[in-house]
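Examining the three-dimensional arrangement
In case you want the letters, here they are:
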Amino acid sequence: MRVRLSRIVAFGLGSGLMRPAPGTWGTLLAWLLWQPLAVVLAPLHQAVFLLAAFVLGVWACHRTGRDLGVPDHGGMVWDEMVAFWTVLWLIPGSAVAQAFGFLLFRLFDILKPPPIGYFDRKLKNGLGVMWDDLIAAFYTLLAFALYYRFMGG
């Protein structure tokens, strides 16, 4: 495997090469990397970072998928990382909330309830790779919102 920026990004700085469950390893790395980012970046700068990471991911995942001949290779985990960063950006910063967010996000990403599975099957390019994980992040955030609305957080 030739070293290319697109592959380094798409494979989550190497975390996507870990087995088993590369998506979980990528999400764990995202959680670890978010901690210093949340401290040094103001919320607006975090939003800019997330947008830039998403755009970078669309490019990197598209290029890597094309190079490998597999549009959504299992080792490409940048999509999980950006989606989970989005969750971490919007949920409380406590370790308990973040752990619950991690579990919910992984559950939605693995089970792929509609329309996640649809987009996962139909969109075979960088945007498709990134998009289905953002929907899993949305479901995670929706679960948090419902919890806080009905349970009082």
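Since this is a predicted model, take the numbers as computed values, not measurements.

Here the focus is the nonpolar core. A general feature of soluble globular proteins is that nonpolar side chains tend to end up buried together. If you look at the biggest cluster of nonpolar residues, it comprises 36 residues, and the most contacted ones within it are C61, W78, V82, F84 and W85. Elements supplying a minimum of two residues to this core: helix 1 (5-10), helix 2 (22-40), helix 3 (43-68), helix 4 (78-90), helix 5 (95-111) and helix 7 (126-151). Discounting chain neighbours no more than four positions away, the residues touching W85 are A30, L33, W34, F49, L50, A53 and W78.

Before going further, it helps to examine the packing of helix 2 against helix 3. Two packed helices can be described by the angle between their axes and the distance between those axes. The contact between helix 2 and helix 3 brings their axes to 9 Å, and the two run at 140°. Judged on the interaxial angle alone, helix 3 and helix 2 are oblique. For the pair helix 2 and helix 3, the crossing hand works out as right-handed. Note on element contacts: helix 3 touches helix 2 through Q46, F49 and L50, opposite W34, L37 and A38. The residue inventory of the contact of helix 2 with helix 3, partitioned by class, reads five nonpolar, one polar and no charged.

So, on to the side chain of Q46. Relative to the helices and strands, Q46 is located in helix 3. With residues near it in sequence (within four places) discarded, Q46 still touches W34, L37, A38, L41 and W89.

In this section: the packing of helix 5 against helix 7. It is the contact of helix 5 with helix 7, at a shortest axis distance of 9 Å, that shows an interaxial angle of 135°. Between helix 5 and helix 7, the angle falls in the class oblique. Read as a crossing pair, helix 5 and helix 7 show a hand that is right-handed. Residue-level inspection shows A97, F100, G101, L104, F105, F108 and D109 of helix 5 in contact with helix 7, the latter providing D132, D133, A136, A137, Y139, T140, A143 and F144. Partitioning the contact of helix 5 with helix 7 into residue classes produces 10 nonpolar, two polar and three charged.

Mapping F49 onto the fold places it in helix 3. Residue F49 is classed as partly exposed on the basis of its relative accessible area of 25%. In this structure, the C-alpha to C-alpha distance between F49 and L37, residues 12 residues apart in sequence, is 9.4 Å. Non-local contacts of F49, meaning those with residues more than four positions away in its chain, are made with W34, L37, L41 and W85.

Scoring rules and cut-offs
Numbers given for residues are sequential positions, taken from 1 along each chain in its written order. This being a predicted model, a pLDDT of at least 70 is required before a residue's local features are given, and a value of 80 or more before pairs of side-chain atoms are given or counted; all residues contribute to the totals for chains, interfaces and linings. To get the side-chain values, all heavy atoms of the structure are used, and hydrogens and water are removed first. Note on terminology: a nonpolar core comprises buried Ala, Val, Leu, Ile, Met, Phe, Trp, Tyr and Cys residues joined through side-chain atoms within 4.5 Å. The rule is simple: take the accessible area with a 1.4 Å probe, protein chains only, and divide by the maximum for that residue type; under 20% is buried, over 50% is exposed, in between is partly exposed. Working definition: helices are DSSP H or I runs of at least four residues, strands are E runs of at least two. Numbering for both runs from the N terminus. Residues are treated as being in contact if the distance between any of their heavy atoms lies within 4.5 Å. Between the N-to-C directions of two axes lies an angle of 0 to 180 degrees, each axis being a line fitted to C-alpha atoms and, for a helix, fitted only over the stretch in contact. Every angle not falling under 35 degrees, over 145, or within 65 to 115 is termed oblique; those three ranges are roughly parallel, roughly antiparallel and roughly perpendicular. If you view the pair so one helix is near and one far, a crossing is left-handed when the near helix is turned anticlockwise from the far one by less than a right angle, and right-handed when it is turned clockwise. Classes in brief: Ala, Val, Leu, Ile, Met, Phe, Trp, Tyr, Cys and Pro nonpolar; Asp, Glu, Lys and Arg charged; the others, Gly included, polar.

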